Amino acid sequence: MLVLALLVGQAGCGGESATAPDAVRIVPLARQAYLAPAATAQDGPSAASDASDAPSAAAADPLALADGVRADVAPEIGLWPAGTGVASGAGAGGSPAEAKAQVIQSARGGTAMTCVFFNMRQAPCSDADFRQAVARLVDREAVAKASDVTVVPSQSFVPPLSDAWLEPDATAPDLDRQAARQHLATARSKDGAALERALHILSPDRDVSPAAWRTAELLAEEMNGMGLNAVHVAVPDALLAKMTMARRMYDLYVADVTLAPSPFGLHALFLGSQDVPWTSAYAGVHDDALDEALTRLWSGSDRETARQGALDAQKRLAALLPCVPVCTRPERLLASSALGGFVNRPGDGADNLWTWCGLRWADAGKGNAEAVMVATTALSDLNPLTADTADEWRVLRMIGLPLLDLDPVTLEPVPVLAKSWDIGEWTGSDGEPRTRITFTLRRDAAWQDGKRFTASDVVFMIETVKRLPETNFHALANAVDSAEATRDDTVTVYFKDRGYRRLFDMAWFTLLPAHLWASVDDPMAYRPWETPNPEREGLTCLVGTGAWRIQADGIPAAGLSEGLRLNRSAPFHTSTFGRLVRERK
C-alpha cells in the first residue's frame, strides 16, 4: 500500500532512522502566546487573515511563539488564523505564512457534522412539505464563507469519508428558493395556522459552535425572506442540553454531531425507540423502514449486513428529511515545513497513529534532535482511566498502541497489537445470539519497560474498567459479558449483545500493563507518570507499547503543567510496528 510504503521508506518505521526526531517536547501554551492573530475574529475568516494590526513576524512564520520558541507541530484547529492558506496535503500552499509552515487539512472533510434537525413531534416540522421547503433554504456555500472556522459544505447524511459506507445517491436537496416557495405553498394549504406562529431555531452560542450558530443565523434570514417568522435563539451551554434533550423546546435545532466513517451513530440519532428524554434523538422521527435499516446497521453480525443497513438508512433519511446536513468541520494541523511523515487520513487528518509513528525531518541531517509540539491547554492528568482533554489523549495515543486501528486509506479496521481476529457468536443465558470476538495478539509486542504484552493485559483492562463506573471506557467495557485469555497470545471477548460494531469499540480501548496496575489500590487516583518503574530504571509506570515513551527526566520538576518530553521508543521501531508495516506494504 502506497501510504504505508511511504512510512517505511521515509519515516524509518522499519528500524532506527537518522532523520526522525529523538524526542518531542510538548509545550502547553494559551492561544494568546501566538504572534499570529487569534482565530476568534467575529466577522469570519477574512477578518482573521486581513487583520491590519497583526505583527509582521506572524505573516512570515505562523509557528513563531510569543516567548521566542518556534513550534514544529500545532495539531489543534483554531490556533492560527482561519484564513490561513490550506492545502489538503502537506506542503502546497503559496501564502507568505506558508513559507515556513504547512497546513494539513483532513481529506474529504471531518467527522464533525453540522446539521439542522426538525422537531417532527409537532407542526409544522411534522409536515413533509415544510421540511422539503426549509431544506432548500440551506445555503451551504454562504455558511462556509461566513463561518468563523473552516468548514466543508456537505449534503450527505454521514461524513463523506468512506466510499464503502456512503450512499452517494442519498443527499439533501440543493439550495433552491423557487422550489422552497412551492413546498411552502403546499404546506400552507394543509395547515396555514402552524406557519403563522414564531418558529424557534436553536443553536449553541457562537463561541461554542461557530458553524452551527452561523447556519442558524443564515437560515432564519432565508425563512423570514419567505414570509415566515423564524427566530434564532443561541442557547448558553449550561442550558442547551436541558432545552434540546430533556424538553425538546425547539422547532429546529442546529447542532454538531460526530459520526465515524462507519456511521453506527445514526442509530442513536434516528431510531424511533431512542426518542425518549435525555437522548440525541433530536428529530423524533418514527418510521418503520428507517428503524429496520438502523437495526441492521446496529445489530448486524457481519460487515456486509451492517454496511447495507447503513446504506439503506441513508436512502430513507433522504426521503424523510428529519434533518438537513450542512457541512463538516475538517481537522487541521499546522506544522513546520522541515517535518515530514504526515499521513492525512480522511476525517481526522494528520493527527493519527500513522503520523506519530512515522514523524521525521524532511531533510535528512538538517533536523533538530527535538521537535516542539504545542498543547492548547496545560496538561494535568495522564491516567488513561481519567484523562480528559484532547492534548492529554494525544500524549496517551503517542505512548500506547490499540489492538486495531483504521487503515489510513480505506478506513477499514487493520491489526496493530492484534495480529488477527475472528468474529463469531455465542449464546447468552436467554438463548439469544451475541457477538464474540477472538483476538490473536502479536507475540513480539512489549511494554516499554521490557515486559511482554499478553492477553492477560487485555482482560485486566476490561475487568478494571467494568468495576469502575466513573472511568473512561466504562460504557464500552460494560457492554462486555466476560473476557477470557485462553493463551498468552489469544483473548476472547464475549459481548452482551450482537453487532459487528463491537469490533470498532475494541479499537478505542487504551490498554493498561497489568504487571504495574494490578497492585494499585485506587486506579482512579493513580498518577503513573509520578511513580518510578520497578522494572526499568529511568522510566515511570506510565508505559505503553507505542512509538514514544515518557522517561522520568522528561517531566519538569514543576509537573505536567509545564509540559513534558517524549522520547522515541527504540523497541517499538525495531519490532512491532516495523513488522506490521513490512507485512502490509
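Data block above holds the structure.
Rules and cut-offs
- Chains are numbered independently. Their residues run from 1 in the order of the written sequence.
- A pLDDT threshold of at least 70 governs which residues receive local features in this predicted model, and a stricter bar of 80 or more applies before side-chain atom pairs are shown or counted, although totals over entire chains, interfaces and linings include all residues.
- To get the side-chain values, all heavy atoms of the structure are used, and hydrogens and water are removed first.
- Only runs of H or I of at least four residues qualify as helices and only runs of E of at least two qualify as strands under DSSP, and these elements are numbered from the N terminus.
- The buried label applies to any residue whose accessible area, calculated with a 1.4 Å probe on protein chains only, is under 20% of its type's maximum; exposed applies above 50%, and partly exposed to all values in between.
- Two residues form a contact once any of their heavy atoms are found within 4.5 Å.
- Each accessible area is a Shrake-Rupley estimate made with a 1.4 Å probe; only the visible protein chains count as cover when residues are assessed.
- One speaks of a salt bridge when a side-chain nitrogen belonging to Lys or Arg is within 4 Å of a carboxyl oxygen belonging to Asp or Glu.
- In plain words, nonpolar cores are sets of buried Ala, Val, Leu, Ile, Met, Phe, Trp, Tyr and Cys residues tied together by side-chain atoms within 4.5 Å.
- For two strands to be treated as a pair, DSSP must find no fewer than two bridges joining them.
- To get an axis, a line is fitted to the C-alpha atoms, and for a helix only the part in contact is used. The angle between two axes follows their N-to-C directions and goes from 0 to 180 degrees.
- For classification purposes, angles smaller than 35 degrees are called roughly parallel, those larger than 145 roughly antiparallel, those between 65 and 115 roughly perpendicular, and all remaining angles oblique.
- Less than a right angle of anticlockwise turn of the near helix away from the far helix marks a crossing as left-handed, whereas a clockwise turn marks it as right-handed.
- In the scheme used here, Gly and all other residues not listed as nonpolar or charged are polar, with Ala, Val, Leu, Ile, Met, Phe, Trp, Tyr, Cys and Pro taken as nonpolar and Asp, Glu, Lys and Arg as charged.

Draft legend 1. Layout of the overall build of the protein. Within the protein one finds 19 helices and 21 strands. Out of the 585 residues in the protein, the part that is buried amounts to 58%. Across the protein, contacts joining residues at least 24 apart in sequence account for 71% of those joining residues at least 6 apart. Summing over all exposed atoms, the protein offers an accessible surface of approximately 22500 Å²; the carbon and sulfur share of this is 50%.

Draft legend 2. Region of interest: the pattern of salt bridges. Scanning all chains against the criterion turns up 30 salt bridges. Two residues, Arg434 and Asp430, come together in a salt bridge whose shortest N-O distance is 3.1 Å. Through salt bridges that share partners, Asp497, Arg501, Arg502 and Asp505 make up one connected network.

Draft legend 3. Here's a closer look at the nonpolar core. One finds Phe117, Phe130, Met223, Phe270, Leu403 and Phe439 to be the most contacted residues of the largest nonpolar core, which totals 153 residues. Counting seven residues, the second-largest nonpolar core is a separate cluster that includes Leu63, Ala71, Ala74 and Leu334.

Draft legend 4. Local environment of the sheet that holds strand β17 (residues 433-441). The sheet built from four strands is open, its strands ordered β16-β17-β19-β18 with antiparallel pairing. Because the sheet does not close on itself, it has two edges, and the strands there are β16 (418-427) and β18 (480-487). With direction set aside, neighbouring strand axes in the sheet form an average angle of 20°. Pairing analysis gives nine bridges linking β16 to β17, with the strands arranged antiparallel. Note that in β17 the partner of Gly424 across the bridge is Arg436. Along the sheet face, helix α14 (residues 455-466) touches β17, β18 and β19 (490-495) and points at about 160° away from the line of β18.

Draft legend 5. Main features of the sheet that holds strand β7 (residues 230-235). The strand order β5-β9-β4-β8-β6-β7 describes an open sheet built from six strands, whose pairing is mixed. Here the strands that pair on one side only, and so sit at the sheet edges, are β5 (152-153) and β7. Where strand β4 (residues 112-118) lies against strand β8 (residues 252-258), seven bridges are found, and the strand directions are antiparallel. Looking at the pairing, Ala112 lines up with Thr258 of β8. Across the sheet, helix α4 (residues 128-135) touches β4, β6 (199-204), β8 and β9 (323-329), and the angle it forms with β4 is around 140°.

Draft legend 6. The arrangement of the packing of α4 against helix α6 (residues 177-191) in detail. The N-to-C vectors of α4 and α6 enclose an angle of 155°; their axes lie 8 Å apart at closest approach. In terms of their interaxial angle, α4 and α6 are classed as roughly antiparallel. By crossing handedness, the relation of α4 to α6 is classed as left-handed. Counting all contacts with α4, which are made through Asp129, Phe130, Gln132 and Ala133, the residues of α6 involved are Ala180, His183, Leu184, Thr186, Ala187 and Lys190. A class-by-class count of the residues in the contact of α4 with α6 yields five nonpolar, three polar and two charged.

Draft legend 7. Quick peek at the pairing of β17. Judged by how many residues are buried, β17 sits mostly within the fold: seven of nine residues are covered. Counting the residues that bridge the hairpin from β16 to β17 gives five residues, and of these Gly431 lies at a positive phi of roughly 85°. Two elements, β17 and β19, share five bridges in a ladder whose sense is antiparallel. In the strand pairing of β19, Thr438 is matched with Thr492.

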